[in-house]
Amino acid sequence: MFRFCYCLLALAVLAGCETAPDLGPPPGWNADGLERWWQEGVDTSTAFRDLETFEAMSLSERPDGKRTEGPAHRNIQQNLIALYRNQPEVVDSLFGVIAVPLIDEQAAEADREDLVQEINRELNRVFFYPRPSPESEVTIVYPDSLRQAGIGGSVKMQVYLSEAGEPLAIKRIDSVHPTIDAIAMRATTQKRWSPARMRSGPMRSWVRSVLPFTAP
């Protein structure tokens, strides 16, 4: 922990002479450098699940045999991967029940883009994925020294949300600069979402969050 705090102090100095933002995790949070932050007591093996591909999600095969692994099914799954990342097991089971019959019936003659949109609509009648709460938007401090040096970009993070839509864990996916990464992580701990839910009620889920830092 001392080493991590020392590194953050060095980053603040490198950011310039302007007032340095708080670059550490807030109270009650743990940190693994600038890649993973999580609240105390959170199951990290669940929170930091790899949601980059179906194979990483362990969705490439289903032991219940409910999915037909045809080319049309696979293509449409790839077009819905953003939805899968919000709650892979739930959406995967829904895909077998809702989407596969539609694909089997229409894939030969229907326009594929229209079919993807239809399936997306049907899935979202049952599963409601998390959405940012506008009232929780936070002010991002972009150090002048980095902005003037042309250092910028977008920090992409995978956020594990509680049933109330509060961040429980944050994993940095795309990095810009150590200081900017830390600012983005800190800001994300303060953001809130409308939680993912089924008709039975809200549930824990994941969401992708991107914070842009636009250099001149």
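Structure: see above.
Parameters and conventions
Residues numbered from 1 in each chain as written. Predicted model: local features only at pLDDT ≥ 70, side-chain atom pairs only at ≥ 80, totals over all residues. Heavy atoms only, no water. Core = buried A, V, L, I, M, F, W, Y, C linked by side-chain atoms within 4.5 Å. Buried < 20%, exposed > 50% of the residue type's maximum accessible area, 1.4 Å probe, protein only. Helix = DSSP H or I, 4+ residues; strand = E, 2+ residues; numbered from the N terminus. Contact = heavy atoms within 4.5 Å. Phe/Tyr/Trp six-rings, centres within 6.5 Å; stacked < 30°, edge-to-face > 60°. Lys NZ or Arg CZ within 6 Å of the ring centre and 35° of its normal.

Some points on the nonpolar core
Step number 1: Counting residues in hydrophobic clusters, the biggest one holds 35 residues, and the most contacted among them are I119 and F127.
Step number 2: Residue assignment for this core shows that the elements contributing at least two residues are α3 (71-79), α4 (81-84), α5 (88-106), α6 (112-123) and β6 (167-174).
Step number 3: By residue number, the principal contributor to this core is α5, which donates nine residues.
Step number 4: Non-local contacts of F127, meaning those with residues more than four positions away in its chain, are made with L83, N86, Q87, V90, V91, L94, A196, R197, M198 and M203.
Step number 5: Ranked by size, the runner-up nonpolar core spans 21 residues in total, among them Y142, I170, A182 and F213.

Description of unusual backbone geometry
Step number 1: Positive phi is not limited to glycine here, since S58 has a value of about 65 degrees.
Step number 2: Looking at the secondary structure, you find S58 in the loop between α2 (44-47) and α3.
Step number 3: Relative accessible area serves as the criterion here: at 57%, S58 is assigned to the exposed category.

Regarding the packing of aromatic side chains
Step number 1: A complete count under the given rule lists five aromatic pairs for this structure.
Step number 2: Between F54 and Y84, the aromatic rings sit 4.7 Å apart at their centres with planes inclined by 85 degrees, giving edge-to-face as the arrangement. With F54 in the loop between α2 and α3 and Y84 in helix α4, this pair connects stretches of sequence that are 30 residues apart. In this structure, F54 and Y84 share a single accessibility class: buried.
Step number 3: Taken together, F54, Y84 and F95 form an aromatic cluster joined through their ring pairs.
Step number 4: Positioned above the aromatic ring of F128, the side-chain terminus of R197 is 4.4 Å from the ring centre.

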